[in-house]
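Coordinate inspection notes
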Amino acid sequence: MNRQPVLFLDRDGIIVVEDQVDSWEKIKYIPGVFNALGRIRREGPFFFAMVSNQDGVGTPSFPFEDFYPVHNRIMQTLAGEGVDFDAVHIDLSLPGDNCPGRKPGIGMLGEYQGDRFDLDHSVMIGDRLTDVQLAKNLGCKAIWFTKKQDIVLLKDHPEYQDVVILVSDNWNDIACFLLGDSKHVTRQATVVRNTKETQIELSVNLDGTGNGHIETGIGFFDHMLDQIVRHTGFDIDLHAHGDLQVDEHHTVEDVAIAFGDAVLKALGDKRGISRYGCELLPMDEVLAQCAIDFSGRPDLVWDCDFKREYVGGFPTEMVEHFFKSFSDSSRCNLNLKVSEGNTHHQIEALFKSFAHAMRQAVRRYYWSDQLPSTKGVL
């Protein structure tokens, strides 16, 4: 199962202005927070978890009835802007209580240290150095939400050198950093493959928006490749002319080889990528599953059985050959399985699950230059 990175978010100081927010008039949102967090929520891979210290809630100086209605309004407003949280962790203790759940302690965050979450690629965003310390204690990265010039203060804390990946109090800059907007190099490649049997030109942009043009001369095949474009979010332009007067084999095979070559070239040295992707995808009566690993060791595991020989004039035996050729040329490990059902649905579900798994596997983490392998090579 693909582990999910977490975006840990403080509340006061990064979402609302730092204060004891115990009345409606004290709710003052940080400029840009709605748009930025909405973008990260829509486009990013993160599990959203709020982690906040709220000193002494439940005491006479900060009674429950002053905290929860105001807090719930903040959460409702965020949800209305598309920023819903998967989990909320609030420590109500006072500093002198030495509660293990109070930041930077991680006593209330034990669930994130299991196999479900990817702490190596998780991020804590907070306005205090205690938030940075929390990130260090958890084993994740930190964005220190403060003025950029405050970065000089980190020289007094060498222990945070490998923890803090960005210092900024600009939400747009933070969203661009986490989502890898145009300030980062786009991963793209073009492959031209000319043989006596086919002439193919294929361009791919792994950081695209799901646009492109597919033209192979094989209607059903074009339809399946369109699924890859839509569900990976890649930009793909493909012009293929093959010897269809013979049959579809050479065109399908060479398109798969060119596509695999282009993806491998666009991935470059693979540093910072997720590497693994998996998807379980239903389509009407059919359930398809795909797991992919850009390991550098090509292999195809195929557990699919089609009852029809053709779909729309397209030979169904070529589906397996397409994925085998892609696996070989992109040097990935690919595992595909589909339940019984309508053959058209089986094949389309396989292409869609493949696309979603691909999207996960090529995702890159812009603050990481690590190669996702203990071998040191992929």
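Under the defined criterion, the tally for this structure stands at 21 aromatic pairs. Centre to centre, the rings of Phe259 and Phe326 are 5.1 Å apart; their planes meet at 40°, and the pair counts as tilted. With Phe259 in helix H6 (residues 249-267) and Phe326 in helix H7 (residues 317-330), this residue pair connects regions lying 67 residues apart in the sequence. By relative accessible area, which is 4% here, Phe259 ends up buried. Exposure remark for Phe326: the relative accessible area of 0% places this residue in the buried category. For the ring pair Trp302 and Phe323, a centre distance of 6.3 Å and an interplane angle of 35° mean the geometry is tilted. Here Trp302 is found in strand E13 (residues 299-303), whereas its partner Phe323 is found in helix H7, with 21 residues between them in sequence. Residue Phe323 is classed as buried on the basis of its relative accessible area of 0%. Ring pairing ties together the aromatic residues Phe220, Phe221, Phe259, Trp302, Phe306, Phe314, Phe322, Phe323, Phe326, Phe351 and Phe354, which thus form one cluster. In this structure, Arg73 is placed above the aromatic ring of Trp24, and the distance from its NZ or CZ to the ring centre is 4.7 Å.

What follows deals with the sheet that holds strand E16 (residues 333-338). Ordered in space as E11-E12-E16-E13, the four strands form an open sheet in which the pairing is mixed. Only two strands of the sheet have a single neighbouring strand rather than two, namely strand E11 (276-283) and E13. Strand-to-strand twist in this sheet, taken as the mean axis angle between neighbours without regard to direction, amounts to 5°. Where E11 and strand E12 (residues 286-293) come together, eight bridges link them in antiparallel fashion. Note that in E12 the partner of Glu279 across the bridge is Cys290. Each of E11, E12, E13 and E16 touches helix H8 (residues 343-362); the most contacted strand, E11, lies at about 150° to it.

Taking 1.5 Å of rise per residue, 19 residues should cover 27 Å, and H6 covers 27 Å from first to last C-alpha, within 8% of that figure. Burial of H6 is extensive: 14 of the 19 residues sit out of reach of the surface. Looking at the residues trailing H6, positive phi occurs at Gly268, about 60°.

A few words now on the environment of Asp284. Looking at the element boundaries, Asp284 is found in the loop between E11 and E12. Measuring from C-alpha to C-alpha, the distance between Asp284 and Pro298 comes to 31 Å, with 14 residues separating the pair along the chain. A polar contact of 3.4 Å, which involves the side chain of Asp284, links it to the side chain of His345.

Ranked by internal contacts, the top residues of the largest apolar core, which has 58 residues, are Phe259, Ile292, Phe322 and Phe354. Other than its neighbours up to four places away in sequence, Phe354 contacts Ile228, Phe259, Cys290, Ile292, Phe323, Phe326 and Leu334. The next biggest cluster of nonpolar side chains, apart from the first, holds 35 residues, and it includes Leu7, Ala175, Phe177 and Trp367.

For the structure shown, the criterion picks out 19 salt bridges. Between Lys103 and Asp131 there is a salt bridge, and its shortest N-O distance comes to 2.8 Å. Taken together, the positions of Lys103 in the loop between strand E3 (87-91) and strand E4 (123-126) and Asp131 in helix H3 (residues 129-138) put the pair 28 residues apart, joining distant regions of the chain. Given a relative accessible area of 8%, Lys103 falls into the buried group. In this structure Asp131 comes out as buried when scored by relative accessible area, which is 1%. Salt bridges sharing common partners tie together Asp10, Lys103 and Asp131.

A cluster of nonpolar side chains, contributed by Ile151, Val152 and Leu153, occupies part of the molecular surface with about 250 Å² of accessible area. Position of Leu153 among the secondary structure elements: in the loop between strand E5 (141-144) and strand E6 (164-167).

Reading guide: rules and limits
Residues numbered from 1 in each chain as written. Predicted model: local features only at pLDDT ≥ 70, side-chain atom pairs only at ≥ 80, totals over all residues. Heavy atoms only, no water. Phe/Tyr/Trp six-rings, centres within 6.5 Å; stacked < 30°, edge-to-face > 60°. Helix = DSSP H or I, 4+ residues; strand = E, 2+ residues; numbered from the N terminus. Buried < 20%, exposed > 50% of the residue type's maximum accessible area, 1.4 Å probe, protein only. Lys NZ or Arg CZ within 6 Å of the ring centre and 35° of its normal. Pairing = 2+ DSSP bridges. Axes fitted to C-alpha atoms, helices over the stretch in contact; angles between N-to-C directions. Contact = heavy atoms within 4.5 Å. Expected span 1.5 Å × (residues − 1). Polar contact = N/O pair within 3.5 Å; in protein donor to acceptor, adjacent residues only side chain to side chain. Core = buried A, V, L, I, M, F, W, Y, C linked by side-chain atoms within 4.5 Å. Salt bridge = Lys/Arg side-chain N within 4 Å of Asp/Glu carboxyl O. Patch = residues over 30% accessible without salt bridge, like charges linked within 9 Å, V, L, I, M, F, W, Y side chains within 5 Å. Areas by Shrake-Rupley, 256 points an atom, 1.4 Å probe, with all protein chains shown as cover.

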